[in-house]
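As a plain string of letters, each chain reads:
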Amino acid sequence: MQNLLPEPAPTLLPVDQVATDMLDAADSEAAAKGVAAAHPAFSAAWARLAELSLAAGEPVTAYAYARTGYHRGLDQLRRSGWRGAGPIPWSHGPNQGFLRALHALGQSAAAIGEQDEADRCAQFLDDSDPAAAKALA
């Protein structure tokens, strides 16, 4: 059976070159916190902080950072035309911050025993772009 409804167009988040450059230069957790403070809508900074917290064995802190990055990313996706469905390509660099925050949210949720949320995050990541799930695995 063929789906006759058009698929939503991929959503591409805008480039924030200043924040990207700052995060690329951030060589410590403190520097990454500085990027998040200076650019709170920049999901990649929150994703980095979540990833660092997971690596340090701090899943509750990681959960808080990841949830912040996830929600800030949802805000940007909606402003970019996303209506709750459709591809969010991993290949578009600015989308990677949101997708990394989503992945970290799933990992940290699993680590604190929120398996239902971890499963929803994994499904959302795969629905957004299977390449993201593979790249982050």
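Report follows, based on the coordinates. In this text, all values refer to a predicted model and were calculated from it rather than measured experimentally.

Now for the overall build of the protein. A count of helices and strands for the protein gives seven helices and zero strands. In the protein, the succession of α and β elements from N to C terminus is α-α-α-α-α-α-α. Taking 2.2 N^0.38 as the reference for a compact globule, 137 residues should give roughly 14 Å; the C-alpha atoms of the protein span a radius of gyration of 15 Å, in line with that estimate. For the protein, with 137 residues in total, the buried portion stands at 39%.

Bringing the packing of aromatic side chains into the picture now. The tally for this structure, following the rule as stated, stands at five aromatic pairs. Centre to centre, the rings of Tyr70 and Phe124 are 6.3 Å apart; their planes meet at 85°, and the pair counts as edge-to-face. Separated by 54 residues along the polypeptide, Tyr70 in helix 4 (residues 59-79) and Phe124 in helix 6 (residues 115-128) bring together distant segments of the chain. Between Phe98 and Phe124, the ring centres sit 5.9 Å apart and the planes meet at 65°, which makes this aromatic pair edge-to-face.

Calculation criteria
Residues numbered from 1 in each chain as written. Predicted model: local features only at pLDDT ≥ 70, side-chain atom pairs only at ≥ 80, totals over all residues. Heavy atoms only, no water. Helix = DSSP H or I, 4+ residues; strand = E, 2+ residues; numbered from the N terminus. Rg over C-alpha atoms; globule rule 2.2 N^0.38 Å. Buried < 20%, exposed > 50% of the residue type's maximum accessible area, 1.4 Å probe, protein only. Phe/Tyr/Trp six-rings, centres within 6.5 Å; stacked < 30°, edge-to-face > 60°.

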